[in-house]
Amino acid sequence: MNVTDIKPSDIIAKIGDFDRAQSTGLNILIFLAVREQTDVSSQLEEVGFADIPQEIVWLCDQLDDDALLDLAGQITFCLVTEKATAAVDEENALLLAAQAIDDQKQPTLLSDY
């Protein structure tokens with residue numbers, strides 16, 4: 001991959017196995033880098049998120065501010081989508097659990113009639 005060919009989607013593909021903390025940490029570094037008009041590497045040294053791979057930081061440093069903000073937006077979208085999906089899954093699980101234990105007050109044996 002050529003340095004000039006790096007796009008936010010390339011980085012998104014590489015961080016697909018990041019957990020929530022890593023994704024949030026990378027977003028923090030990106031926003032700080034844009035705010036402080038520096039690079040992500042400098043922010044990593046300052047903040048010290050050791051769980052973010054140096055390769056990802058290096059790739060981020062190849063992007064301009066607009067592309068970095070695009071990347072941060074994509075990461076945020078993934079985090080929000082993951083949270084919404086988890087909430088729907090939890091709600092569905094609660095509905096299924098309620099159905100499974102719902103007492104219909106109907107006899108279950110013929111002798112109960």
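Definitions and limits used
Residues numbered from 1 in each chain as written. Predicted model: local features only at pLDDT ≥ 70, side-chain atom pairs only at ≥ 80, totals over all residues. Heavy atoms only, no water. Helix = DSSP H or I, 4+ residues; strand = E, 2+ residues; numbered from the N terminus. Buried < 20%, exposed > 50% of the residue type's maximum accessible area, 1.4 Å probe, protein only. Arc of directions from axis to C-beta. Salt bridge = Lys/Arg side-chain N within 4 Å of Asp/Glu carboxyl O. Core = buried A, V, L, I, M, F, W, Y, C linked by side-chain atoms within 4.5 Å. Axes fitted to C-alpha atoms, helices over the stretch in contact; angles between N-to-C directions. Parallel < 35°, antiparallel > 145°, perpendicular 65-115°, else oblique. Contact = heavy atoms within 4.5 Å. Nonpolar A, V, L, I, M, F, W, Y, C, P; charged D, E, K, R; others polar.

Peer 1: Any details on unusual backbone geometry? Residues and values, ideally.
Peer 2: Positive phi, close to 55°, is recorded for Q37, a residue that is not glycine. Secondary-structure assignment places Q37 in the loop between α2 (20–36) and α3 (40–47).

Peer 1: An account of α3 is requested, with residue identities and associated values reported.
Peer 2: By the burial criterion, the buried members of α3 are V40, S41, Q43 and L44. An end-on view of α3 places all buried positions within 160° of arc, on one side of the element. When the buried face of α3 is taken as reference, the exposed residues oriented beyond 90 degrees from it are E45 and E46. One or two positions beyond α3, positive phi appears at G48, with a value near 80°.

Peer 1: Go over the pattern of salt bridges with me, naming the residues and quoting the values.
Peer 2: A full pass over the atoms with the stated rule returns 3 salt bridges. One salt bridge connects K14 with E55, and the closest N-O pair in it is separated by 3.4 Å. Highlighted residues: K14 in helix α1 (residues 8–14) and E55 in helix α4 (residues 54–61), separated in sequence by 41 residues. Among the residues examined, E55 registers a relative accessible area of 46% and is labelled partly exposed. Of the charged contacts, one joins E36 and R35 as a salt bridge, the two residues approaching to 2.6 Å between their closest N and O atoms.

Peer 1: Give me the nonpolar core: which residues, what numbers.
Peer 2: Counting residues in each nonpolar core, the largest one holds 23 residues, and the members touching the most others are I11, L26, I30, V40 and C60. Looking at this core, the element that brings in the most residues is helix α5 (residues 65–101), giving 6 residues.

Peer 1: Go over α4, please, and point to the residues and values.
Peer 2: All buried positions along α4 are accounted for by I56, V57, L59 and C60. Along the axis of α4, the buried residues cluster in a sector spanning 160°; they form a single face.

Peer 1: Describe in detail the packing of α3 against α4, supporting the description with residues and values.
Peer 2: In the contact formed by α3 and α4, the axes pass within 8 Å of each other and the chain directions differ by 140°. In terms of orientation, α3 lies oblique with respect to α4. Touching V40, S41 and L44 of α3 are Q54, V57, C60 and D61, all from α4. Per-class residue counts for the contact of α3 with α4 are 4 nonpolar, 2 polar and 1 charged.

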